[in-house]
Amino acid sequence: MSEAPSQSRIWAGASLVTMTQGRYHIIADGAMVVNQGRIAWLGPRASLPARFNGMPRHDFGGGIITPGLIDCHTHLVFGGDRSLEFEQRLNGVSYAEIAAAGGGILSTVNATRAASEDELLALAEQRLKLLLADGITCMEIKSGYGLTLESELKMLRVAKRIGKKYALQVRTTLLAAHAVPPEYQGRPDDYIDLICQHWIPQVAAQGLADAVDGFCEHLAFSPAQIARVFDAAHQAGLPVKLHAEQLSSLGGSTLAARYQALSADHLEYATDRDAAAMAKSGTVAVLLPGACYMLRETQFPPVAHFRRHGVPMALASDINPGTSPACSLRLMLNMACTLFRLTPEEALAGVTTHAAKALGLSDSLGTLEAGKQADFVHWPVNHPAELSYWLGGQIANTVVFRGEQR
Ligand code: NIG
Ligand code: FE
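Analysis parameters
- Every chain's residues receive numbers from 1 upward, in the order its sequence appears when written.
- Chain A is the first chain written and ligand 1 is the first ligand written, with later ones labelled in order.
- It should be noted that, the model being predicted, local features are given only for residues of pLDDT at least 70 and side-chain atom pairs only at 80 or more, the latter also being counted only at that level, while totals for whole chains, interfaces and linings use all residues.
- Heavy atoms throughout the structure, all of them, feed into the side-chain values; hydrogens and water do not.
- UniProt positions are given in the numbering used here, feature names are shortened, and annotations may be inferred rather than shown by experiment.
- Note on conventions: DSSP H or I runs of at least 4 residues are helices, E runs of at least 2 residues are strands, and numbering of each starts at the N terminus.
- Helix span, as expected, comes to 1.5 Å for every residue beyond the first.
- Type-normalised accessible area, obtained with a 1.4 Å probe on protein chains alone, sets the label of each residue: buried when under 20%, exposed when over 50%, and partly exposed for intermediate values.
- Any two residues whose heavy atoms approach within 4.5 Å at even a single point are treated as in contact.
- The nearness test applies per residue and asks whether one of its heavy atoms lies within 4 Å of the molecule or strand.
- Here a polar contact is recorded for every N or O atom pair within 3.5 Å, except that within protein the pair must consist of a potential hydrogen donor and a potential acceptor, and residues adjacent in sequence are included only if both atoms are side-chain atoms.
- The Shrake-Rupley method, run with a 1.4 Å probe sphere, supplies the accessible areas, and residue values consider only the shown protein chains as cover.
- As defined here, a cavity is a set of points on a 1 Å grid over the protein atoms alone where a 1.4 Å probe fits but cannot get out. A pocket is an open set with protein on both sides within 12 Å along at least five of seven lines, and residues line them when an atom is within 4 Å of a point.
- Criterion for pocket placement: a molecule counts as inside a cavity or pocket if more than half of its atoms are within 2 Å of its grid points.
- Ten residues, namely Ala, Val, Leu, Ile, Met, Phe, Trp, Tyr, Cys and Pro, are considered nonpolar, four, namely Asp, Glu, Lys and Arg, are considered charged, and the remaining ones, Gly among them, are considered polar.
- The pairing test for Phe, Tyr and Trp rings, Trp by its six-membered ring, is centres within 6.5 Å, and the orientation test on the planes gives stacked under 30 degrees, edge-to-face over 60, and tilted for anything in between.
- Only Lys NZ and Arg CZ are tested; either one counts as a charge over a ring when it is within 6 Å of the ring centre and within 35 degrees of the ring normal.

The chain carries the name Imidazolonepropionase in an unreviewed UniProt entry, which gives Biostraticola tofi as its organism. As stated in UniProt under Catalytic activity (unreviewed entry), the record for the chain gives "4-imidazolone-5-propanoate + H2O = N-formimidoyl-L-glutamate".

## A few points about helix α7 (residues 223-235)
An α-helix turns once per 3.6 residues; consequently, residues spaced three or four apart project the same way. Compared with an ideal rise of 1.5 Å per residue, which puts 13 residues at 18 Å, α7 spans 18 Å between its outermost C-alpha atoms and is within 8% of the ideal. Among the residues of α7, those classed as buried are Q225, I226, A227, V229, F230, A232 and A233. Among the structural elements, β8 (169-177), α6 (188-205), β9 (211-216), β10 (241-244) and α8 (252-258) are those in contact with the buried residues of α7. Taken from the residues just after α7, G237 is the one with a positive phi, measuring 85°.

## As for the site of ligand 1
With respect to spatial proximity, 15 residues lie near ligand 1, and among them R82, Y95, Y145, Q246 and T323 are the closest. Between an oxygen atom of ligand 1 and a side-chain N or O atom of Y95, the distance comes to 2.5 Å. H266 places a side-chain nitrogen or oxygen 2.9 Å from an oxygen atom of ligand 1. Across the complex, the protein chains shield 100% of the 330 Å² of accessible surface that ligand 1 would expose by itself. When each cavity is represented as a set of grid points, ligand 1 is found to reside in the largest cavity. Residues that form the shell around ligand 1 fall into these classes: four nonpolar, nine polar and two charged.

## Some points on the environment of G104
For G104, the location among the structural elements is in the loop between α2 (95-100) and α3 (105-114). Under the relative-accessibility criterion, G104 is labelled buried at 1%. Expressed as a C-alpha distance, the spacing of G104 and D29, which sit 75 residues apart in the sequence, is 50 Å. Non-local contacts of G104, meaning those with residues more than four positions away in its chain, are made with R82, E85 and I98.

## Let's talk about the packing of aromatic side chains
With the rule as written, the count across this model stands at ten aromatic pairs. Summarising the aromatic geometry, the rings of W11 and F60 are spaced 5.9 Å apart at their centres and angled 20° between planes, so their arrangement reads as stacked. With W11 in strand β1 (residues 8-17) and F60 in the loop between β4 (57-59) and β5 (64-67), the pair connects residues that are 49 residues apart, well separated along the chain. We note that W11, like F60, is buried. Residues F300 and F340 carry aromatic rings whose centres are separated by 5.4 Å and whose planes lie at 55° to one another, so their mutual orientation is tilted. Taken together, the positions of F300 in the loop between α10 (289-294) and α11 (303-309) and F340 in helix α12 (residues 329-340) put the pair 40 residues apart, joining distant regions of the chain. You can call F300 partly exposed: its relative accessible area is 31%. An aromatic cluster of three or more residues is present, and its members are Y184, Y191, W199 and F221. Its guanidinium or amino end placed over the ring of W11, R9 lies 5.6 Å from that ring's centre, counting from NZ or CZ. For R127, the ring lying beneath its charged end belongs to F78, and the centroid distance is 3.5 Å.

As structure tokens, then:
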């Protein structure tokens, strides 16, 4: 690696929480040499090689440095909100009943279709700014509230614009198989045909999506229908992921594993066999405590099965207007610990090491290691458990994206 001094810097005086192999692996009083947006060296400050002497240096004077946080499952782009539906649910109507009556996802579809690209961007930015304050340096953003080709493309273009406008890496996911659109009520297979034959090839040709997702559930699509979407995705050269086992056990996560999915997400009703299949295929379990909490779900994802089989667990905000209007990823760490009994170490791995894997980005993101992208956060705290401990507030101090302070 050539060392252009103007783009090089030493960040020192804090403990490095490297998160290699998903563990804290703390280097006390560390130093990290960043060159051209990548980590060139890291270790104890006392061992800094002499060749780096004379490089500009930033001394934090305490605190910890973690990898930049990764929100690997979001529906950041949408029109409207569903606060009235929240009220309805608290008056006793279920999520499934609201969806069956044409509300739920479809009410957001109407609002999203009606909004212009610029309007959607402005709405997404309000939420984005709150999330970014928690030290997020990479975010996945799904479509899925358009359900026409033009409006799905519109959502994906907004997501791409966010990645250009902000110091943030954005990964986009086509979620056309999120719900049956009004035009195809009673004809879900025709809609799946359309997605497979026309939309996926077009989205892939335009380079607008990095992956393809679906919602496998009684109120959305069956495993057989999702399998067709996955075949089309693979034909277009795109990896897959799936909303699976959120409200019932349909075997979506085992199906996802069969297609080497990057992740299966939600998983409240996943079984031991699902966990075994996911372990075999290297599919990450993305847990979404915000959705679980908002739906007042009492069945939690089978964390013990995932641990036993060695399935990596990621955590995400799932920010969306229906089930998880969550504007803080750190709050999700706390909820994962209190609701799902993850340890703070597992929770932090869930938004760093394992979130990177859930996006297929383990080679460049997720840990502090030489050669990786220099995305990191300085937190003025004594121990990384504090990131899961505090409820709300703003803690992230300095956020560095590709070597540049944000
Ligand atoms: O991840 N489960 C399906 N999709 C979203 C929620 C969609 C909605 O209700 O708007 C989720 O929870
Ligand atoms: Fe989701």
